[in-house]
Amino acid sequence: MRLILLGAPGVGKGTQAQRLATERGIPQISTGEILRDAIKRGTPLGIQAKSFMEAGNLVPDDVVIGIIRDRLSRSDGADGFILDGFPRTVAQAQALDRMLLDSGAGGIDYVVNFEAPNQEIISRLSGRRTCPDCQAVYHVEHAPPRQEGRCDKCGAALVQRTDDKPDTIAARLKVYDQQTSPLIDYYRERGLLRQLDATAPIDSVYRNLRSLVQGTKSR
Ligand code: AP5
């Protein structure tokens, strides 16, 4: 199964990608996580990406395309993968098409577009807490950890992402409208787009996502 999860920041892509990737035994490839890890480790990539991410802007296309090219060359994606947060511009989508064509391994099965109103998205992002060590995602109301402020999986203290502050959320939503939403038509024209109502509770969204992608098998 080769999937792209598309949708505005905070709509729930990462939450669902983690569950589906675990169930299917394939990697969840999140450019946001790769970039946050680089910032944490202070690598040249992290230093380059930090100011873009803190302002809610996209990291330049050539940087993220390079990340994905490296990541897809690893053997753990041979049976499929879930792309979460990539592509985010038409240039990134075109580069991905070329990469998959060159690899000779076939294209994307589906692009699932997560839909929810901005008001719901803002509430999800404002209440999100993440684990800085294992990247698990929580919400203070909708998906709270068993012990307040502690990750269920590894026990680390949960944090609020620096880009989950009101001004940066507004900037990210604007960037999504201007630069990422054109991908909806890009993939619709190619017959790959599937729409998913992301407003329901997490378990219902997961059931609907599974039935949308049911026909796709591991390769
Ligand atoms: P990235 O990390 O990809 O952030 P994003 O797309 O903005 O998405 P999020 O991780 O914020 O949200 P999500 O949809 O995964 O929602 P989640 O499941 O966490 O990117 C960060 C930055 O990196 C970008 O701004 C950019 O600078 C850079 N970047 C990354 N990729 C790039 C690229 N390709 N090109 C250029 N730059 C790039 O859920 C949100 C909250 O809601 C959680 O608290 C969760 O518990 C809760 N929740 C989830 N589902 C539900 C539900 N159904 N009901 C109630 N609550 C729910």
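Before reading on, note that the structure itself is shown above.
Residues numbered from 1 in each chain as written. Predicted model: local features only at pLDDT ≥ 70, side-chain atom pairs only at ≥ 80, totals over all residues. Heavy atoms only, no water.

### Description of the pattern of salt bridges
Enumeration over the complete set of coordinates arrives at 14 salt bridges. Taking the shortest distance from any N to any O, the salt bridge between R128 and D164 comes out at 2.9 Å. With R128 in strand β5 (residues 128-130) and D164 in the loop between β6 (137-139) and α7 (166-180), this pair connects stretches of sequence that are 36 residues apart. Here R128 and D164 have matching classes, each one buried. In this structure, D163 and R161 form a salt bridge, with 3.0 Å as the shortest nitrogen-oxygen distance. R161 carries the same exposure label as D163, and that label is buried. Among the charged side chains, a network of salt bridges with common partners joins R128, R161, D163, D164 and R172. (Salt bridge = Lys/Arg side-chain N within 4 Å of Asp/Glu carboxyl O. Helix = DSSP H or I, 4+ residues; strand = E, 2+ residues; numbered from the N terminus. Buried < 20%, exposed > 50% of the residue type's maximum accessible area, 1.4 Å probe, protein only.)

### Digging into the side chain of T180
Mapped onto the secondary structure, T180 falls in helix α7. Contacts of T180, omitting those with residues within four sequence positions, involve L6, R88 and V175. (Contact = heavy atoms within 4.5 Å.)

### Description of the pairing of strand β3 (residues 81-84)
If a strand is regular, its side chains alternate between the two faces of the sheet. Burial of β3 is two-sided: the residues F81 and L83 facing one way and the residues I82 and D84 facing the other way are all buried. Both strand β1 (residues 2-7) and β3 contribute to a ladder of four bridges, which runs parallel. Among the inter-strand pairings, L5 is bridged to a residue of β3, identified as D84. For strand β2 (residues 28-30) and β3, the ladder comprises three bridges, and the chain directions are parallel. Directly across from I29, in β3, lies its bridge partner L83. (Pairing = 2+ DSSP bridges.)

### Focus on helix α5 (residues 90-103)
Along its 14 residues, α5 runs 20 Å from first to last C-alpha, staying within 8% of the 20 Å computed at 1.5 Å per residue. Those residues of α5 lying buried are Q92, A93, A95, L96, M99 and L100. Projection of α5 onto a plane perpendicular to its axis shows the buried side chains occupying an angular sector of 160 degrees, all on one side. Exposed side chains of α5 directed beyond 90 degrees from the buried face belong to R98, L101 and D102. Structurally, α5 contributes buried residues whose contacts are with β1, α4 (61-72), β3 and α8 (182-189). Following α5 by one or two positions, G104 adopts a phi angle in the positive range, close to 70 degrees. (Expected span 1.5 Å × (residues − 1). Arc of directions from axis to C-beta.)

### Describing the packing of helix α6 (residues 118-126) against α7
Close contact between α6 and α7 brings their axes to 11 Å; oriented N to C, the two are set at 135 degrees. As far as their axial angle goes, α7 and α6 are oblique. You can see that α6 and α7 cross each other, and the crossing is right-handed. Within the contact between the two elements, α6 uses N118, I121, I122, L125 and S126 and α7 uses I169, R172 and L173. Each residue belonging to the contact of α6 with α7 can be placed in one class, and the counts come to five nonpolar, two polar and one charged. (Axes fitted to C-alpha atoms, helices over the stretch in contact; angles between N-to-C directions. Parallel < 35°, antiparallel > 145°, perpendicular 65-115°, else oblique. Left-handed = near helix turned anticlockwise from the far one by under 90°. Nonpolar A, V, L, I, M, F, W, Y, C, P; charged D, E, K, R; others polar.)

### Considering the nonpolar core
Counting 53 residues, the largest nonpolar core has L3, L96 and Y187 as the members making the most contacts within it. With residues up to four places along the chain from it excluded, the contact list for L96 reads I4, I68, L72, L83, F86, P87, I108 and Y187. Within the second largest apolar cluster, six residues are counted, among which are C131, A136, C151 and L158. (Core = buried A, V, L, I, M, F, W, Y, C linked by side-chain atoms within 4.5 Å.)

### Focus on the sheet that holds strand β7 (residues 193-197)
Spatially, β2-β3-β1-β4-β7 is the arrangement adopted by the five strands of the open sheet, whose pairing is parallel. Every other strand in the sheet has two partners, leaving β2 and β7 as the edge strands with one partner each. Ignoring strand direction, the axes of neighbouring strands in this sheet form an average angle of 25 degrees. As paired elements, β1 and strand β4 (residues 110-115) share five bridges and run parallel to each other. From the neighbouring strand, L3 faces β4, where its bridge partner is Y110. The strands touched by helix α2 (residues 31-41) within the sheet are β2 and β3, with β2 carrying the most contacts at an inclination of about 60 degrees.

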